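Examining the three-dimensional arrangement
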Amino acid sequence: MFSIKGKIVTPDRIVDGYVNVNQDRISDVTEEKPAFETVYDFGQYLVLPGFVDIHLHGIGNYDTVDAANLAGMAKLQPQYGTTSFLPTAAAMSKQQYADLGKDARTAIATVGGDGAKIQGIHLEGPFINPKSSGAMAHSTRRPIEQDEAEYYIEQIGDLLRILTFSPELENGLYLTETLKKHNIVASLGHSVAEPHQLPSLVEAGLSHVVHMFNAFVSSGEKEQGVLKAGLLEHILLNDKLTCEFICDTHHVAPEYLTIASRVLGPDRFVAITDSLPGAGFLDGIFQFPNGSEFKIENGVARLYGGEQGGCLCGSVLTMNRAFFNLINICQIDTVLAARYTSLNAARVIGMDDQIGSIEPGKCADITVLNSDYECIATFVNGKLVYKN
């Protein structure tokens, strides 16, 4: 048994005290100093639940292309406080999407307990509406085909946690129902669905929305001076939908993040990175799996060359910076920000009974941030996997 001292961020308050850990589990949170031989004393630094990122395409030198890259991502993530994540595939061939299940299983075995936990796979696409494809290459978007969808479910198996698609496409309702039947999160994204379509989709099993405010049709004027409510507003007001946001303040203005936080409340707002290879690194030119290039400059990633050159195409965000942005730029309470970066994402994938918060009985997945919000220590299942 050991203890971690600091400002402990629990789901409802901050405790100036100790997290006690027994093997791989949190035993309790207390203000009283325990009589353990090993105490990691972090003074007044924040002791947080390890971040849970359910939407990212890469980080550092690593991409979601094979087992070696997935393992590299898992070993790098604790440097930024992330203890669980879903590698996210986009703009890939049918076989590349399908192979990720096998690759993830290999990577999980390779990493063992020495990195962040790969909790499954998130497929963003390929069933994306060409009218709202964002930075995705035209050649990688396909109609919803029942055989192809079922192929992914079969090949990836129980590691397929989230599938993001445009549900207004033909067979969208079928896909929603099929995903729900297999306990896979049906996630709306890159969509131009009409607001009136949303209730039937939610009833069929739609439960999540990716990168809100990005790759959506903006609300417009019904007539001059009268603002018409569009899909985005109906999503925000539907209590059955969780909504994720790229919290880099480039993809979504801080004011909109603050407004969304107030509308969605403590349980529906999910912070993600949507990060690309190169995240956490210096500026440079990098490649997607399909060979197209993007350029990172001044903390922003944009497509490099081609017809869509200059288009935002993902972020270079890390979860500790997302946490910083929520608190210091969006003026969101620290306890809420911790829920947004950990617990709510865990709830989306049905793992909030195991991870996402500092509570007795949960996995001892814990990160420590200094006063500059840099990660100085990360524990995964009670093991110190990173220390700066």
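The structure under discussion appears in the preceding block.
Below or above, wherever it landed, is the structure these notes cover. (Residues numbered from 1 in each chain as written. Predicted model: local features only at pLDDT ≥ 70, side-chain atom pairs only at ≥ 80, totals over all residues. Heavy atoms only, no water.)

1. Some thoughts on the sheet that holds strand 4 (residues 38-49)
Read across the open sheet, the 7 strands follow the order 3-2-1-4-21-22-23; overall the sheet is mixed. The open sheet terminates on both sides in strands that have one partner only, identified here as strand 3 (25-30) and strand 23 (383-387). Recorded for the sheet is a direction-independent mean angle of 35° between the axes of neighbouring strands. (Pairing = 2+ DSSP bridges. Helix = DSSP H or I, 4+ residues; strand = E, 2+ residues; numbered from the N terminus. Axes fitted to C-alpha atoms, helices over the stretch in contact; angles between N-to-C directions.)

2. A short note on the pattern of salt bridges
Counted according to the given criterion, the structure contains 11 salt bridges. Between Lys 117 and Asp 365 there is a salt bridge whose closest N-O contact spans 2.7 Å. You can see Lys 117 sitting in strand 9 (residues 117-118) and its partner Asp 365 sitting in the loop between helix 9 (334-348) and strand 21 (366-369), a full 248 residues away along the chain. You'll find Lys 117 and Asp 365 in the same group, each marked buried. Because the salt bridges share partners, they merge into one network encompassing Asp 267, Arg 339 and Arg 347. (Salt bridge = Lys/Arg side-chain N within 4 Å of Asp/Glu carboxyl O. Buried < 20%, exposed > 50% of the residue type's maximum accessible area, 1.4 Å probe, protein only.)

3. Some words on the packing of aromatic side chains
Applying the stated criterion across every chain yields a total of 14 aromatic pairs. When the ring of Phe 269 is compared with that of Tyr 340, the centres are 4.3 Å apart and the planes differ by 25°; the resulting orientation is stacked. Taken together, the residues span a long stretch of sequence, with Phe 269 in strand 17 (residues 269-272) and Tyr 340 in helix 9 at a distance of 71 residues. Take Phe 269: its relative accessible area is 0%, and that puts it in the buried class. Residue class for Tyr 340 comes out buried when judged on its relative accessible area of 0%. Their ring planes at 75° and their centres at 5.2 Å tell us that Phe 324 and Tyr 373 sit as a pair that is edge-to-face. A residue pair is termed long-range when its members are at least 10 positions apart, and Phe 324 in helix 8 (residues 319-329) and Tyr 373 in the loop between strand 21 and strand 22 (375-380) qualify at 49 residues. Judged by relative accessible area, Phe 324 falls into the partly exposed class, the value being 22%. Aromatic rings pair up to connect Phe 213, Phe 245, Tyr 256, Phe 269 and Tyr 340 into one cluster. Here the guanidinium or amino end of Arg 321 rests over the ring plane of Phe 324, the centre of that ring lying 4.3 Å away. (Phe/Tyr/Trp six-rings, centres within 6.5 Å; stacked < 30°, edge-to-face > 60°. Lys NZ or Arg CZ within 6 Å of the ring centre and 35° of its normal.)

4. So, a negative patch on the surface
On the surface, Glu 145, Asp 147, Glu 150 and Glu 170 cluster together into a negatively charged patch. By the element assignment, Asp 147 lies in helix 3 (residues 146-156). Relative accessible area serves as the criterion here: at 65%, Asp 147 is assigned to the exposed category. (Patch = residues over 30% accessible without salt bridge, like charges linked within 9 Å, V, L, I, M, F, W, Y side chains within 5 Å. Areas by Shrake-Rupley, 256 points an atom, 1.4 Å probe, with all protein chains shown as cover. Lys, Arg positive; Asp, Glu negative; His and termini not counted. Charge placed at Lys NZ, Arg CZ, Asp CG, Glu CD.)

5. What to know about the packing of helix 1 (residues 67-76) against helix 2 (residues 94-111)
The N-to-C vectors of helix 1 and helix 2 enclose an angle of 50°; their axes lie 8 Å apart at closest approach. If you check the angle between helix 1 and helix 2, you find them oblique. Considering only the axes of helix 1 and helix 2, their crossing is right-handed. Contacts between helix 1 and helix 2 involve Ala 67, Leu 70, Ala 71, Ala 74 and Lys 75 on the former and, on the latter, Leu 100, Asp 103, Ala 104, Thr 106, Ala 107, Thr 110 and Val 111. Here the contact of helix 1 with helix 2 is composed, by residue class, of 8 nonpolar, 2 polar and 2 charged. (Parallel < 35°, antiparallel > 145°, perpendicular 65-115°, else oblique. Left-handed = near helix turned anticlockwise from the far one by under 90°. Contact = heavy atoms within 4.5 Å. Nonpolar A, V, L, I, M, F, W, Y, C, P; charged D, E, K, R; others polar.)

6. Describing the sheet that holds strand 19 (residues 293-297)
Across the sheet, 3 strands lie side by side as 18-19-20; this open sheet has antiparallel pairing. Unpaired on one side and paired on the other, strand 18 (284-287) and strand 20 (300-303) mark the two borders of the sheet. Mean inter-strand twist for the sheet, computed between neighbouring axes without regard to direction, equals 30°. Across 4 bridges, strand 19 lies against strand 20 in antiparallel orientation. The partner of Phe 294 across the bridge, within strand 20, is Leu 303.

7. Points about unusual backbone geometry
Note the cis peptide between Gly 125 and Pro 126, where omega equals 10°. Residue placement: Pro 126 occurs in the loop between strand 10 (121-124) and helix 3. One non-glycine residue, Asp 274, lies in positive phi territory at about 50°. With respect to the helices and strands, Asp 274 occurs in the loop between strand 17 and strand 18. Although it is not a glycine, Asn 381 sits at a positive phi angle of roughly 50°.

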